[in-house]
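Each chain is listed here by its residues.
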Amino acid sequence: MKKVFLLTILLSLTFIGKAQNFLSLDSCRALALANNKDLLIRNEKINAAHYQRKAAFTNYLPNFSATGAYMRNQKEFSLLNNDQKAVLSGLGTNLAGPIQQAATEIATAHPKLAPLIASLSGKLGAALPALDQAGNSLVDALRTDTRNVYAGAITLTQPLYMGGKIRAYNKITKYAEELAQQQHHGGMQEVIMSTDQAYWQVISLVNKKKLAEGYLKLLQQLDSDVEKMIHEGVATKADGLSVRVKVNEAEMTLTKVEDGLSLARMLLCQLCGIDLSSPITLADENMEDIPLLTTDLHFDLSTAYENRPEIRSLELATQIYKQKVNVTRAEHLPSIALMGNYMVTNPSVFNSFENKFKGMWNVGVMVQIPIWHWGEGIYKTKAAKAEARIAQYQLQDAREKIELQVNQAAFKVKEAGKKLVMSSKNMEKAEENLRYATLGFKEGVIATSNVLEAQTAWLSAHSEKIDAQIDVKLTEIYLKKSLGTLK
């Protein structure tokens, strides 16, 4: 799609560089496709859908995330209460009294052991300060110091089973991307059709302007002849006034045609992205007879069903809604995922409490099983199925309408061809009638009113032929659009 856009832009720029004011139908189409804002928006929608599809595929892959936290606590956690801390801090001092009392009782009961007990009591007394110091060290070792806490973790999550949600979501994004492409294709056909309509409208008005100028010239010539005949006394002033009225009407008609032509050129410039005030000349302006192609009216409706972007878009929408049913159902099915973490903390608890960063890894499986939600999943699934059936009915309705549209377009092509044949015959008769009326007027055997009637019939016949030719062109375009073959 991007290559098509680049090609159209390069072609349009090359064409503009060669001939700023000369445009053919193909160059108008290229310029319109390159400058249409709706198509540019649709192209960006294609890009968005493409990246959404890529994002959906990543749900199959493991997910890594990192988390960090810091917390300041007013108080630290304590493993010992105040009484236990007091006992441990004065462990030696607290033991000194009971040991001395026990030694005295033993020495009193056994006088022979008094020297030995006195020696042991002295050694124990010397060791008691060391016990106090050991108790203080133990209290310090059991201090947590959790006023400043740091934590961090790196987590891996790998989905194992999500009830089919990931697979359905990937299909939805794939269909959505193709849907955006089909909508872009349909937008291109709309732009081409609008451009062709504006182009042939300009051609029609150019030819009608030439026709109006020719008609005005005929009337001015007739007015001059009538004036001479009035001077000669072979025509009345009423005849002259009748001719002048027709001249004024022809001048007004020419003015209207010129105004309409200016507006039609402005519309074509707007579609092509050209400045509205730029003078443009179309390639088919100087053609007296617009070349017509023979339209093949033998068609197969399956071609329209295959090529029409509207049908393909509705088919894709139907598939999307079917996958939405799967997504809704998956939300109420069990889900399984593999989990892995590496966590670090400060203070760490792997070697008592230390103000150091230390961590560990862990691996596990997480299972989530919905148990009871009062039938919510069933109701949502039924609602999604109803939306899918709506999309299916819309597709069937679109097929029926396209069949009718194709047949109507073919009928209009036939009708336009018949009108062109009839208008061509009428123009030949009108030209012949005008020729005889002009000769008869010069010979003085035909009245002025008859000449005016012949000129009016000639103008009407020429105008009808121009309209018939444009109708043939436009009905061909409408038929191609209805068949989806307009490119």
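Predicted, not measured: the structure shown is a model, and the values here were computed from it.

Conventions used here
Residues numbered from 1 in each chain as written. Predicted model: local features only at pLDDT ≥ 70, side-chain atom pairs only at ≥ 80, totals over all residues. Heavy atoms only, no water. Axes fitted to C-alpha atoms, helices over the stretch in contact; angles between N-to-C directions. Helix = DSSP H or I, 4+ residues; strand = E, 2+ residues; numbered from the N terminus. Parallel < 35°, antiparallel > 145°, perpendicular 65-115°, else oblique. Nonpolar A, V, L, I, M, F, W, Y, C, P; charged D, E, K, R; others polar. 1 Å grid on protein atoms, 1.4 Å probe; cavity = no way out; pocket = protein on both sides within 12 Å on 5 of 7 lines; lining within 4 Å. Points joined across faces, edges and corners; volume = space filled by probe spheres on them. Core = buried A, V, L, I, M, F, W, Y, C linked by side-chain atoms within 4.5 Å. Buried < 20%, exposed > 50% of the residue type's maximum accessible area, 1.4 Å probe, protein only. Contact = heavy atoms within 4.5 Å. Pairing = 2+ DSSP bridges. Polar contact = N/O pair within 3.5 Å; in protein donor to acceptor, adjacent residues only side chain to side chain. Phe/Tyr/Trp six-rings, centres within 6.5 Å; stacked < 30°, edge-to-face > 60°. Lys NZ or Arg CZ within 6 Å of the ring centre and 35° of its normal. Left-handed = near helix turned anticlockwise from the far one by under 90°. Salt bridge = Lys/Arg side-chain N within 4 Å of Asp/Glu carboxyl O.

Student: Pulling in residues and values, what's your account of the packing of helix α7 (residues 165-232) against helix α12 (residues 448-483)?
Tutor: Helix-helix packing: each pair is described by the crossing angle between the helix axes and the interaxial distance. At their nearest, the axes of α7 and α12 sit 10 Å apart, and the two run at 170° to each other. Judged on the interaxial angle alone, α12 and α7 are roughly antiparallel. By residue class, the composition of the contact of α7 with α12 is 17 nonpolar, ten polar and six charged.

Student: Quick rundown of the layout of surface pockets? Include the residues and the values.
Tutor: One number sums up the size of the largest pocket: a volume of about 320 Å³. In terms of lining, the largest pocket is formed by 13 residues, of which the most central are Asn-207, Glu-288, Asp-289, His-462 and Ile-466. When residues of the lining of the largest pocket are traced back to their parent elements, those giving at least two are α7 and α12. Considered class by class, the residues forming the lining of the largest pocket number five nonpolar, four polar and four charged.

Student: I'd like a rundown of the nonpolar core, residues and numbers included.
Tutor: Within the largest apolar cluster, 54 residues are counted, with the highest numbers of intra-cluster contacts made by Tyr-199, Trp-200, Leu-268 and Leu-282. Of all the secondary structure elements, the ones that give two or more residues to this core are α2 (25-35), α7, α8 (237-272), α11 (376-443) and α12. For Tyr-199, the residues in contact, after removing those within four places along its chain, are Leu-23, Ser-24, Leu-25, Cys-28, Leu-268, Leu-282, Ala-283 and Asp-284. Core analysis: the second largest hydrophobic core is formed by twelve residues, Tyr-305, Leu-395, Val-413 and Leu-479 among them.

Student: Can you tell me about the sheet that holds strand β6 (residues 358-368), naming the residues and giving the values?
Tutor: Judged by pairing direction, the sheet is antiparallel, and its four strands sit side by side in the order β2-β3-β5-β6 without closing on themselves. At either end of the open sheet lies a strand with only one pairing partner, and these are β2 (63-72) and β6. On average, each strand axis in the sheet is inclined to that of its neighbour by 20°, with strand direction left out of account. Examined bridge by bridge, β2 and strand β3 (residues 148-161) share ten bridges and lie antiparallel to one another. Bridged to Tyr-70 within β3 is Tyr-150.

Student: Residues and numbers for the side chain of Gln-158, please.
Tutor: Along the chain, the position of Gln-158 falls in strand β3. Owing to a relative accessible area of 17%, Gln-158 belongs among the buried residues under this scheme. One polar contact links the side chain of Gln-158 to the main-chain carbonyl oxygen of Tyr-60, over a distance of 3.2 Å. Leaving out residues up to four positions away in the same chain, Gln-158 has contacts with Tyr-60, Leu-61, Pro-62, Ala-337 and Leu-338.

Student: Describe the packing of aromatic side chains, naming the residues involved and giving the relevant values.
Tutor: For the structure on display, the rule yields five aromatic pairs. Arranged with centres 5.2 Å apart and planes meeting at 85°, the rings of Tyr-199 and Trp-200 form a pair that is edge-to-face. Judged by relative accessible area, which is 0%, Tyr-199 ranks as buried. What makes Trp-200 buried here is its relative accessible area of 4%. Through pairs of rings, three or more aromatic residues link up here, namely Tyr-70, Tyr-150 and Phe-357. Over the ring of Tyr-305 we find Arg-399, and its NZ or CZ is 4.9 Å from the ring centre.

Student: Outline the packing of α7 against α8, listing residues and values.
Tutor: Taken N-terminus to C-terminus, the directions of α7 and α8 make an angle of 160°; their axes are 8 Å apart at the nearest point. What the angle tells us is that α7 and α8 run roughly antiparallel. Like other packed secondary-structure pairs, α7 and α8 cross with a definite hand, here left-handed.

Student: Explain the pattern of salt bridges residue by residue, including any values.
Tutor: Enumeration according to the criterion identifies 16 salt bridges in this entry. Between Glu-190 and Lys-481 there is a salt bridge whose closest N-O contact spans 3.0 Å. Taken together, the positions of Glu-190 in helix α7 and Lys-481 in helix α12 put the pair 291 residues apart, joining distant regions of the chain. By relative accessible area, which is 37% here, Glu-190 ends up partly exposed. Of the charged contacts in the structure, one is a salt bridge between Asp-397 and Lys-401, with a shortest N-O distance of 3.2 Å. With Asp-397 and Lys-401 both in helix α11 and four residues apart, this pair spans about one turn of that helix. The class for Asp-397 is partly exposed, based on a relative accessible area of 33%.

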